[in-house]
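Now for the letters of each chain:
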Amino acid sequence: MGGAVVDEGPTGIRAPDGGWGWAVLFGCFVITGFSYAFPKAVSVFFKELMREFGIGYSDTAWISSILLAMLYGTGPLCSVCVNRFGCRPVMLAGGLLASLGMVAASFCRSIIELYLTTGVITGLGLALNFQPSLIMLNRYFNKRRPMANGLAAAGSPVFLCALSPLGQLLQDHYGWRGGFLILGGLLLNCCVCAALMRPLEAPRPTSGPMPPRPSRRLLDLSVFRDRGFVIYAVAASIMVLGLFVPPVFVVSYAKDLGVPDTQAAFLLTVLGFVDIFARPTAGFITGLKKVRPYSVYLFSFSMFFNGLTDLTGSTAGNYGGLVVFCIFFGISYGMVGALQFEVLMAIVGTQKFSSAIGLVLLLEAIAVLIGPPSGGKLLDATHVYQYVFVLAGAEVLASSLVLVLGNFFCIRKRPEVAVGEEERHKPPADVRVDSREVEHFLKAEPEKNGEVVHTPETSV
């Protein structure tokens with residue numbers, strides 16, 4: 001299952017693993033940067049907004065929350081749009097929406113209008129860019145896909161380091177309205193990235209008419225029959241409950257220890273700088289021939305590493321301890337960011353990825369809206385930051401155990417019925433079949449083609 005007729009990555013096309021794929025990778029890098037960094041970057045305008053509209057910090061914080069909720073929660077809608085119209089048209093429309101939202105926000109007269117423009121319209125535009133860009137990256141890369149995912153994921157910390165000081169500079173020179181207007185112009189670059197998403201075309205047959213295309217669903221819910229996908233979705237949802245909590249509270253934690261404001265804010269710079277290098281490095285390691293078959297276990301390890309870092313970070317009693325925590329958190333956070341979509345691609349395959357990612361993002365949206373607020377509630381009740389870090393670490397550790405145990409017991413050991421079914425469908429010894437046909441027999445799901453199956457650990 002893919003995009004529109006001309007953009008669906010039809011069956012039988014080999015991923016180029018290069019060529020124009022590098023242009024697609026660059027576009028995905030930019031889109032990922034805008035999508036993840038923009039909700040954080042607009043926070044530099046919050047004090048100015050509070051002063052102009054006479055509101056509190058919690059009121060302005062809803063702008064970033066709505067942006068993230070739209071980015072995650074509209075996943076199924078993005079899947080339907082991609083499967084109906086194709087990746088490139090959806091991304092072009094998304095780029096225009098994202099820009100329009102920020103331009104309209106520069107003329108707003110109330111915080112409610114900002115929620116609608118910056119939060120809903122810009123958030124929807126970024127969502128319509130983010131998901132299709134990952135789908136196109138999956139179609140253009142196979143052997144080099146882990147490295148491509150790592151490089152694309154590096155866009156998030158790179159753009160965060162660039163957009164935050166840029167936003168402050170724009171506010172100082174042009175005010176928040178001028179800053180929003182210029183940022184809206186910058187978001188038009190999403191349309192340029194959309195133009196790079198050239199669809200792959202199936203080779204024309206040497207003789208005879210073109211074969212008819214199979215009927216497709218706009219949102220393929222059959223992925224829930226895939227045990228690998230269900231385990232991944234549950235683990236990812238639990239992980240997101242605690243994954244974003246430490247970056248939200250680490251600066252306040254440092255200030256509570258008596259650290260000056262400038263030094264406390266520098267902790268996020270340390271975390272982001274380490275994250276920039278951790279993501280492509282994790283992607284490169286995952287792409288190694290001997291490592292890639294065990295990408296699910298590597299992803300589980302990265303989650304375990306991140307949870308363990310949160311638990312040890314709760315024991316930090318001074319600024320030096322928090323710096324060490326941010327270094328190791330940046331490494332583990334980068335590993336998770338580089339591997340999360342690579343593992344999902346490996347589990348569901350190319351044809352179902354457009355639907356699978358939308359459903360996963362919807363489940364994660366619920367967790368995103370629960371995780372940080374629950375940490376804040378715990379902090380309000382106890383006034384102890386250590387408890388917040390322990391809670392976050394426990395949630396991420398639990399997700400790693402769900403993934404590794406579920407993968408080991410529920411996927412690796414398949415029922416005997418399925419094995420017998422494979423034997424009945426096994427082709428005769430004297431008949432030559434290509435790799436895709438072998439994959440059909442092994443997986444007993446004809447619609448999940450186009451992906452090379454490495455081991456039962458990475459595909460069901």
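Residues numbered from 1 in each chain as written. Predicted model: local features only at pLDDT ≥ 70, side-chain atom pairs only at ≥ 80, totals over all residues. Heavy atoms only, no water.

Looking up the protein in an unreviewed UniProt entry gives the name Monocarboxylate transporter 4 isoform X1, with the organism given as Ursus maritimus. UniProt, in the comment section headed Subcellular location (unreviewed entry), describes the protein in these words: "Basolateral cell membrane". (UniProt positions renumbered as here; feature names shortened; annotations may be inferred.)

Draft legend 1. The overall build of the protein, seen in detail. From N to C terminus, the protein includes 18 helices and zero strands. By the burial criterion, 53% of the 460 residues in the protein qualify as buried. Look at the contacts in the protein between residues 6 or more apart in sequence, and 86% of them connect residues 24 or more apart. For the protein, the accessible area works out to roughly 20,000 Å², and carbon and sulfur atoms hold 68% of it. (Helix = DSSP H or I, 4+ residues; strand = E, 2+ residues; numbered from the N terminus. Buried < 20%, exposed > 50% of the residue type's maximum accessible area, 1.4 Å probe, protein only. Contact = heavy atoms within 4.5 Å. Areas by Shrake-Rupley, 256 points an atom, 1.4 Å probe, with all protein chains shown as cover.)

Draft legend 2. View of the pattern of salt bridges. Counted under the stated rule, the structure contains five salt bridges. Across the pair Glu52 and Arg177 runs a salt bridge whose closest N-O atoms are separated by 2.8 Å. Here the residue Glu52 occupies a position in helix α2 (residues 46–53), and Arg177 occupies one in helix α8 (residues 155–186), the gap between them amounting to 125 residues. Classification of Arg177 by relative accessible area gives partly exposed; the value is 22%. For the salt bridge of Arg292 with Glu342, the shortest nitrogen-to-oxygen distance reads 3.9 Å. On the criterion of sequence distance, the pair formed by Arg292 in the loop between α12 (261–286) and α13 (295–313) and Glu342 in helix α14 (residues 319–348) is long-range, its members being 50 residues apart. Linked through salt bridges whose partners overlap, the residues forming this network are Arg145, Arg292 and Glu342. (Salt bridge = Lys/Arg side-chain N within 4 Å of Asp/Glu carboxyl O.)

Draft legend 3. How the structure looks around a positive patch on the surface. On the surface, Arg14, Lys143, Lys289 and Lys290 cluster together to form a positively charged patch. Within the element layout of this structure, Lys290 appears in the loop between α12 and α13. (Patch = residues over 30% accessible without salt bridge, like charges linked within 9 Å, V, L, I, M, F, W, Y side chains within 5 Å. Lys, Arg positive; Asp, Glu negative; His and termini not counted. Charge placed at Lys NZ, Arg CZ, Asp CG, Glu CD.)

Draft legend 4. Representation of the packing of aromatic side chains in the model. All told, the structure shown has 20 aromatic pairs when counted by the stated rule. Where Tyr232 meets Phe299, the ring centres are 6.1 Å apart and the plane angle is 25°; that geometry is what we call stacked. Pair noted here: Tyr232 is in helix α10 (residues 227–243) and Phe299 is in helix α13, with a separation of 67 residues, a long-range link. Every member of this aromatic cluster is reached through a ring pair, and the members are Phe244, Tyr253, Phe325, Phe329, Tyr333, Tyr385 and Phe389. (Phe/Tyr/Trp six-rings, centres within 6.5 Å; stacked < 30°, edge-to-face > 60°.)

Draft legend 5. Representation of the nonpolar core within the structure. Core analysis: the largest hydrophobic core is formed by 117 residues, its most contacted members being Phe34, Phe38, Leu114, Phe299 and Leu344. When neighbours within four sequence positions are excluded, Phe299 is seen to be in contact with Tyr232, Met239, Val336, Leu339, Gln340, Val343 and Leu403. (Core = buried A, V, L, I, M, F, W, Y, C linked by side-chain atoms within 4.5 Å.)

Draft legend 6. Main features of a nonpolar patch on the surface. Nonpolar side chains collect at one region of the surface, where Leu221, Phe224, Val230, Val234, Leu363, Ile366 and Ile370 lie side by side and expose about 570 Å² of accessible area between them. Of all elements in the fold, only α10 and α15 (350–382) reach the threshold of two or more residues within the nonpolar patch. As for its placement among the helices and strands, Val234 is situated in helix α10.

Draft legend 7. Representation of helix α1 (residues 21–41) within the structure. Over its 21 residues, α1 extends 29 Å from the first C-alpha to the last, a length consistent with the 30 Å expected when each residue adds 1.5 Å. At Ser35, α1 shows its largest kink, close to 25°, and the proline Pro39 lies no more than four residues downstream. (Expected span 1.5 Å × (residues − 1). Bend = angle between axes of the 7 residues up to and from the residue.)

Draft legend 8. Local environment of the environment of Tyr36. Inspection of the secondary structure puts Tyr36 in helix α1. Remark: the alpha-carbon pair of Tyr36 and Leu68, spanning 32 residues in sequence, is separated by 8.2 Å. When residues no more than four places from it in sequence are discounted, the contact partners of Tyr36 are Leu71, Tyr72, Phe130, Ser156, Gln340 and Phe341.

Draft legend 9. Summary view of the environment of Gly119. Looking at the element boundaries, Gly119 is found in helix α6 (residues 111–140). Sequence separation between Gly119 and Ala105 is 14 residues; the distance between their C-alpha atoms is 9.5 Å. Dropping the residues within four chain positions of it, Gly119 is found in contact with Ile63, Ile66, Leu67, Met70 and Leu114.

Draft legend 10. The arrangement of helix α5 (residues 87–105) in detail. Here α5 is 19 residues long and its end C-alpha atoms lie 27 Å apart, about the 27 Å a rise of 1.5 Å per residue gives. What α5 keeps buried is the set Cys87, Val90, Met91, Gly94, Gly95, Ala98, Ser99, Gly101, Met102 and Ala105. Taken around the axis of α5, the buried residues stretch over an arc of 160°, which confines them to a single face. Among the structural elements, α1, α4 (75–85), α6, α8 and α9 (189–196) are those in contact with the buried residues of α5. (Arc of directions from axis to C-beta.)

Draft legend 11. Structural detail: the packing of helix α7 (residues 145–153) against α14. Contact pair α7 / α14: the axes reach a minimum separation of 8 Å and the direction vectors enclose 140°. As far as their axial angle goes, α14 and α7 are oblique. Judged by the twist between their axes, the crossing of α7 over α14 is right-handed. For the pair formed by α7 and α14, the contact residues are Arg145, Pro146, Asn149, Gly150 and Ala153 on the first element and Gly337, Ala338, Phe341, Glu342, Met345 and Ala346 on the second. (Axes fitted to C-alpha atoms, helices over the stretch in contact; angles between N-to-C directions. Parallel < 35°, antiparallel > 145°, perpendicular 65-115°, else oblique. Left-handed = near helix turned anticlockwise from the far one by under 90°.)

Draft legend 12. Geometry of the side chain of Asp17. Mapped onto the fold, Asp17 is located in the segment before α1. Engagement of the side chain of Asp17 in a polar contact is seen with the backbone nitrogen of Asn142, the distance being 2.8 Å. In this structure the side chain of Asp17 is engaged in a polar contact, spanning 3.1 Å, whose partner is the backbone nitrogen of Lys143. If we ignore the near neighbours within four places in the chain, the residues touching Asp17 are Tyr140, Phe141, Asn142, Lys143, Arg144 and Arg145. (Polar contact = N/O pair within 3.5 Å; in protein donor to acceptor, adjacent residues only side chain to side chain.)

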